[in-house]
Amino acid sequence: MGTIYPNTTTENYNHSYDDYYFDLFELIPCDNINIKAFSRVFLPTLYSIVFIVGFIGNGLVLCVLVKFSKRSNMSDVCLFNLALSDLLFLLSLPFWAHYALTSQWTFGSFMCRTVAAFYTLGFYGSIFIMILMTVDRYAVIVHTQTSLFSKHRSVRASIVLILFMWTLSLGASLPTVIWAQVNNKSEVWTCSVEYPEGTEWRCFSYIELNVLSLIIPLSVMLFCYSRIIPILMTMKSQKKHRAVRLMLVLVSVFFLFWTPYNIVIFLKFLHHLGYLSTCKWYQDLNMAMQWVETIAFCHCCINPIIYAFVGQRFRNLFLRILQEWFPCCFGSYTRVKHEPTERWVSVYSRSSVNTSTESVQP
């Protein structure tokens, strides 16, 4: 999580929690009064905005998929679980916002571990499902005829793969969930990860984040889309340029949102090893973490747009829901262009390439 500065008593200590998630409450005698005051305003505000925007966007994605996707395929199942993982992650933000505002954990031990589980499961679930969606596109377009993965994209196979991804997410989350606990430090209740003394779990947590949240997903995206784009450019479809632009946007957005966060995490890893150990570095890293973390968290607000709402079919389905909910405002929409619901079998992509780029259109 971000940087929380609990209240202090006679000691002028800075309690760091990238705090919650990685280097929690490491006591360092630095004067960070200004950073503390800034975080108590900045973090609750930004967490609240991310929660509201992300909850609305991902909630709408779930509504559309549940209501209209009657013939679910691999793409729909992935999109549903991506929105679900983002919502799970977002549910933890109000608790962290309150924690940042009051500088004290008031929800008890059970909620400390529960919120930690929501945060980490949603965090890693979103990453792993985006990887699965990228590999799915790669298999459908590059290995249309030969790939067993592309030939058997049934709902049953999709569920098995999704369960496997959630299992990986749970495995990556277990250290945080197991060692998350409530403690009373200087008359302040904290929710923190207390790794066993004499172990390298804290270092492992930094490396785990860098590898699983940036190196692997970005490498998969670059490899898959570098193979997909040349094939798309050989097609005669007029939609190929739009599909290529979309893929470039997906990679660029992921890189821009997650790279600064992972750079700061790596610098904090070096700090934990004894490098960059001055008080000035520590202060700068904590301030930087607040900004880059919020940018990274905004990715769950962008996912519904770049994976769902950019698609014409999804927008049509969404507007049909608005037509049902608010007939006085949207009653005339879709009367000009109306397609039977049976034809809208996928709001993310087609299950086969055929002769066009339909398979990569959201």
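Procedures and definitions
Counting starts from 1 at the beginning of each chain's written sequence and moves along it residue by residue. Local features in this predicted model are restricted to residues whose pLDDT is 70 or higher, and side-chain atom pairs enter the listing and the counts only when it is 80 or higher, whereas totals over whole chains, interfaces and linings include all residues. No hydrogens and no water enter the side-chain calculation; it runs on all heavy atoms of the structure. UniProt positions are given in the numbering used here, feature names are shortened, and annotations may be inferred rather than shown by experiment. Only DSSP runs of H or I with at least four residues qualify as helices, and only runs of E with at least two residues qualify as strands; both kinds are numbered from the N terminus onward. In these notes, a set of buried Ala, Val, Leu, Ile, Met, Phe, Trp, Tyr and Cys residues joined through side-chain atoms within 4.5 Å is what counts as a nonpolar core. To sort residues, take the accessible area from a 1.4 Å probe on protein chains only and compare it with the maximum for the residue type: under 20% means buried, over 50% means exposed, and anything in between is partly exposed. Under the convention used throughout, the expected extent of a helix is 1.5 Å for every residue step, that is, one less than its residue count. Whenever a helix is involved, its axis is fitted only over the stretch in contact; in every case the axis is a line through C-alpha atoms, and angles between N-to-C directions fall within 0 to 180 degrees. Note on terminology: angles under 35 degrees are roughly parallel, angles over 145 are roughly antiparallel, angles of 65 to 115 are roughly perpendicular, and the others are oblique. Any two residues whose heavy atoms approach within 4.5 Å are treated as being in contact. Classification used: nonpolar for Ala, Val, Leu, Ile, Met, Phe, Trp, Tyr, Cys and Pro, charged for Asp, Glu, Lys and Arg, polar for all others including Gly. In the sections that follow, a salt bridge refers to a side-chain nitrogen of Lys or Arg positioned within 4 Å of a carboxyl oxygen of Asp or Glu. Pairs of cysteine sulfur atoms within 2.5 Å are identified as disulfides in what follows. Two strands qualify as a pair provided DSSP detects at least 2 bridges between them.

Considering the UniProt feature "transmembrane region" (unreviewed entry) in the chain
For step 1, the next point in the chain: UniProt tags residues 46-66, 78-96, 116-135, 155-180, 204-225, 246-270 and 290-310 as "transmembrane region" (unreviewed entry).
For step 2, the next point in the chain: The annotated region residues 78-96 carries 89% helix and 0% strand content, and the separation between its end C-alpha atoms amounts to 28 Å.

Let's talk about the nonpolar core
For step 1, the next point in the chain: Core analysis: the largest hydrophobic core is formed by 95 residues, its most contacted members being Y261 and Y307.
For step 2, the next point in the chain: The leading source of residues in this core is helix α4 (residues 108-142), at 18 residues.

A word on unusual backbone geometry
For step 1, the next point in the chain: Even without being a glycine, S103 presents a positive backbone phi close to 60 degrees.
For step 2, the next point in the chain: Looking at the element boundaries, S103 is found in the loop between α3 (93-102) and α4.
For step 3, the next point in the chain: Looking at S103, the relative accessible area reads 1%, which means it is buried.

Considering α4
For step 1, the next point in the chain: The first and last C-alpha atoms of α4 sit 51 Å apart over 35 residues, in line with the 51 Å expected at 1.5 Å per residue.
For step 2, the next point in the chain: Taking burial as the measure, the 35 residues of α4 include 28 buried ones, the bulk of the element.

Description of the packing of helix α8 (residues 240-273) against helix α10 (residues 299-309)
For step 1, the next point in the chain: At a closest axis distance of 11 Å, the pairing of α8 and α10 adopts a crossing angle of 180 degrees. It follows that α8 is roughly antiparallel to α10 by the angle criterion. For the pair α8 and α10, contact is made by L246, V249, L250, V253, F254, F257 and W258 and by H299, I302, I306 and Y307, respectively.
For step 2, the next point in the chain: Per-class residue counts for the contact of α8 with α10 are ten nonpolar, one polar and no charged.

Quick word on the pattern of salt bridges
For step 1, the next point in the chain: A complete count under the given rule lists one salt bridge for this structure.
For step 2, the next point in the chain: A salt bridge links K280 to D284, with the nearest nitrogen and oxygen atoms 2.8 Å apart. Residue K280 and its partner D284 are located together in helix α9 (residues 279-297), separated by four residues, close to a single helical turn.
For step 3, the next point in the chain: Residue classification places K280 among the exposed residues on the basis of a relative accessible area of 51%.
For step 4, the next point in the chain: A relative accessible area of 36% means that D284 is categorised as partly exposed.

A few points about the environment of L317
For step 1, the next point in the chain: Along the chain, L317 turns up in helix α11 (residues 312-325).
For step 2, the next point in the chain: The class of L317 is buried, set by a relative accessible area of 1%.
For step 3, the next point in the chain: Sequence separation between L317 and C63 is 254 residues, and the spatial gap between their C-alpha atoms is 10.0 Å.

A few points about the state of the cysteines
For step 1, the next point in the chain: Inspection of the entire model under this criterion finds one disulfide.
For step 2, the next point in the chain: In this model, C112 is linked to C191 through a disulfide, with the two sulfur atoms separated by 2.0 Å. On the S-S bond that ties C112 to C191, the torsion sits near 85 degrees, and the link is right-handed. With C112 in helix α4 and C191 in strand β2 (residues 188-193), this pair connects stretches of sequence that are 79 residues apart. Across the pair, C191 and C112 agree in class, each one buried.

A look at the pairing of strand β1 (residues 180-185)
For step 1, the next point in the chain: With six bridges joining them, β1 and β2 adopt antiparallel strand pairing. Note on β2: the bridge partner recorded for N183 is T190.
For step 2, the next point in the chain: Hairpin connection, β1 to β2: the antiparallel pair is bridged by two residues, and S186 has positive phi, about 55 degrees.

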